[in-house]
Amino acid sequence: MYLYLGGETVINTKEIIGIFDMDTSTVNKATRDYLSKAEKEKRVIYANFELPKSFIVCKDKIYVCPFNTSTLAKRCK
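Being a predicted model, the structure only gives us computed values, none of them experimental.

Novice: So what about the environment of Tyr46? Which residues, and what values?
Specialist: Relative to the helices and strands, Tyr46 is located in strand β4 (residues 44-46). Residue Tyr46 is classed as partly exposed on the basis of its relative accessible area, which comes to 38%. In this structure the C-alpha to C-alpha distance between Tyr46 and Thr9, which are 37 residues apart in sequence, comes to 8.6 Å. Filtering out sequence-adjacent residues up to four positions away, Tyr46 remains in contact with Glu39 and Val64. Among the polar contacts listed, one links the side chain of Tyr46 to the side chain of Glu39, at a separation of 3.1 Å.

The structure is reproduced here in structure tokens:
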């Protein structure tokens, strides 16, 4: 099954490791460092340039998208 993340971005749900809320998870410094390192390594992909509400960690990339985690979780089922 595939998951639409906005813009022209669609990912395979089998690749997803976790779906995280941008507001609550980026409070932790370790998460901010992880996202910063991934961005420097060019592994972060922005689904579109709206206000990011969540990020999806996949096997080799991280997707930042404007949908709530609850919306994405419902779409995965």
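Novice: Account for unusual backbone geometry, with residues named and values stated.
Specialist: Of note, Lys42 is a non-glycine position whose phi angle comes to about 60°, a positive value. Mapping Lys42 onto the fold places it in the loop between α2 (29-40) and β4. For Lys42, a relative accessible area of 73% gives the class exposed.

Novice: Go over the sheet that holds β4 with me, naming the residues and quoting the values.
Specialist: Pairing is mixed in the open sheet, where four strands are placed in the order β3-β5-β6-β4. Each of the sheet's edge strands pairs with one partner strand only, and the pair in question is β3 (16-21) and β4. Pairwise comparison of adjacent strand axes, ignoring direction, gives a mean angle of 20° for this sheet. Along the sheet, α2 makes contact with β4, β5 (54-58) and β6 (62-65), crossing β4 at roughly 85°. Contacts from helix α3 (residues 69-76) reach β3, β5 and β6, with the element oriented near 150° to β3.

Novice: Could you give an account of the packing of aromatic side chains, naming the residues involved and the relevant values?
Specialist: A full pass over the atoms with the stated rule returns three aromatic pairs. Where Tyr46 meets Phe49, the ring centres are 6.4 Å apart and the plane angle is 20°; that geometry is what we call stacked. The positively charged end of Arg75 is found above the aromatic ring belonging to Phe67, 4.4 Å away from the centroid.

Definitions and limits used
- Residues numbered from 1 in each chain as written.
- Predicted model: local features only at pLDDT ≥ 70, side-chain atom pairs only at ≥ 80, totals over all residues.
- Heavy atoms only, no water.
- Helix = DSSP H or I, 4+ residues; strand = E, 2+ residues; numbered from the N terminus.
- Buried < 20%, exposed > 50% of the residue type's maximum accessible area, 1.4 Å probe, protein only.
- Contact = heavy atoms within 4.5 Å.
- Polar contact = N/O pair within 3.5 Å; in protein donor to acceptor, adjacent residues only side chain to side chain.
- Pairing = 2+ DSSP bridges.
- Axes fitted to C-alpha atoms, helices over the stretch in contact; angles between N-to-C directions.
- Phe/Tyr/Trp six-rings, centres within 6.5 Å; stacked < 30°, edge-to-face > 60°.
- Lys NZ or Arg CZ within 6 Å of the ring centre and 35° of its normal.

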